[in-house]
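Next come the chains, spelled out residue by residue.
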Amino acid sequence: MNVLSDNITPRPLSCFGNGVTVRVTSLEGGRCCRSRMLSLGIIPGTIINVLNSCGRMTIQVRSSQYAIGCEMAEKIMAIPICDCCDCTRSKP
C-alpha cells in the first residue's frame with residue numbers, strides 16, 4: 001500500500017492542483033452523494049488523476065474522465081501518492 005498514508009492527513013480532493021495523482025481514503029457526505037461517487041467508480045483506494053482543478057474539477061478515474069462540482073470534490077478525501085513538494089501542498 002502507500003507509505004505516505006501514515007504520514008499525511010487526508011484532504012478534500014478540491015485542495016489538489018492540476019496534474020496531481022491521489023489515492024482516495026474515504027467518502028464524506030450523504031447517501032445520495034456517496035452513491036453517485038460509487039457509481040463513478042470512486043471508492044476508497046482508487047487512484048484519481050486531477051486533470052483540471054479550476055472551478056469544476058476534471059478528473060480521471062481508471063480510463064474514464066469526469067467533471068465533478070466543487071461540492072462533490074470537497075467530500076472526496078484523498079492523499080497524494082508521491083512525496084514531491086508540489087503534491088503535498090494545497091493549491092493556491
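Here the residue index of a chain counts from 1 through its sequence in written order. Totals for whole chains, interfaces and linings use every residue, but because this is a predicted model, local features are given only for residues with pLDDT of at least 70 and side-chain atom pairs only at 80 or more, for both listing and counting. Neither water nor hydrogens contribute to the side-chain values; these are computed over all heavy atoms in the structure.

Summing up its helical and strand segments, the protein has 3 helices and 6 strands in all. Helix numbering and strand numbering both begin at the N terminus, where a helix is a DSSP run of H or I of at least 4 residues and a strand a DSSP run of E of at least 2. Reading the helices (α) and strands (β) of the protein from amino to carboxyl end gives β-β-α-β-β-β-α-β-α. Burial classes follow relative accessibility: with a 1.4 Å probe on protein chains only, a residue under 20% of its type's maximum area counts as buried, one over 50% as exposed, and anything between as partly exposed. Residue burial in the protein is summarised as follows: out of 92 residues, 38% are buried. Here a residue-residue contact requires only that any non-hydrogen atoms of the pair lie within 4.5 Å. Look at the contacts in the protein between residues 6 or more apart in sequence, and 62% of them connect residues 24 or more apart. Computed with a 1.4 Å probe, the accessible areas rest on the Shrake-Rupley method; for each residue, only the protein chains presented here act as cover. When the accessible surface of the protein is summed, it comes to about 5300 Å², and 52% of that surface belongs to carbon and sulfur atoms.

Residues Met 57, Ile 59 and Val 61 of strand 4 (residues 57-61) are buried on one face, while the alternating residues Thr 58 and Gln 60, pointing to the opposite face, are not. At least two bridges found by DSSP between two strands is the condition for calling them paired. As judged from the 4 bridges shared by strand 3 (residues 47-52) and strand 4, these two strands associate in the antiparallel manner. Along strand 4, the bridge assignment pairs Ile 48 with Val 61. Taking the residues that link successive antiparallel strands as the turn, the strand 3-strand 4 hairpin has 4 residues, and the phi of Gly 55 there is positive, at about 70°. Of the pairings in the sheet, the one linking strand 4 to strand 5 (residues 64-68) comprises 5 bridges and is antiparallel in character. If you follow Met 57 over to strand 5, its bridge partner there is Ile 68. Hairpin remark: strand 4 followed by strand 5, antiparallel, with 2 residues in the connecting loop; positive phi at Arg 62, about 55°.

Let us look at the confidence of the model for the protein. With 82% of its residues at a pLDDT of 70 or more, the protein has an overall mean of 86. Confidence over residues 1-5 falls short of pLDDT 50; this stretch has 11 contacts with residues more than four positions distant or in other chains. Per residue, pLDDT captures the predictor's confidence, and it can take any value from 0 to 100.

This next bit is on the state of the cysteines. Whenever a pair of cysteine sulfur atoms sits within 2.5 Å, that pair is classed as a disulfide. Taken as a whole and assessed by the stated rule, the structure comprises 0 disulfides. Left without a disulfide partner, Cys 32 is nearest to the cysteine sulfur of Cys 33, which lies 7.3 Å away.

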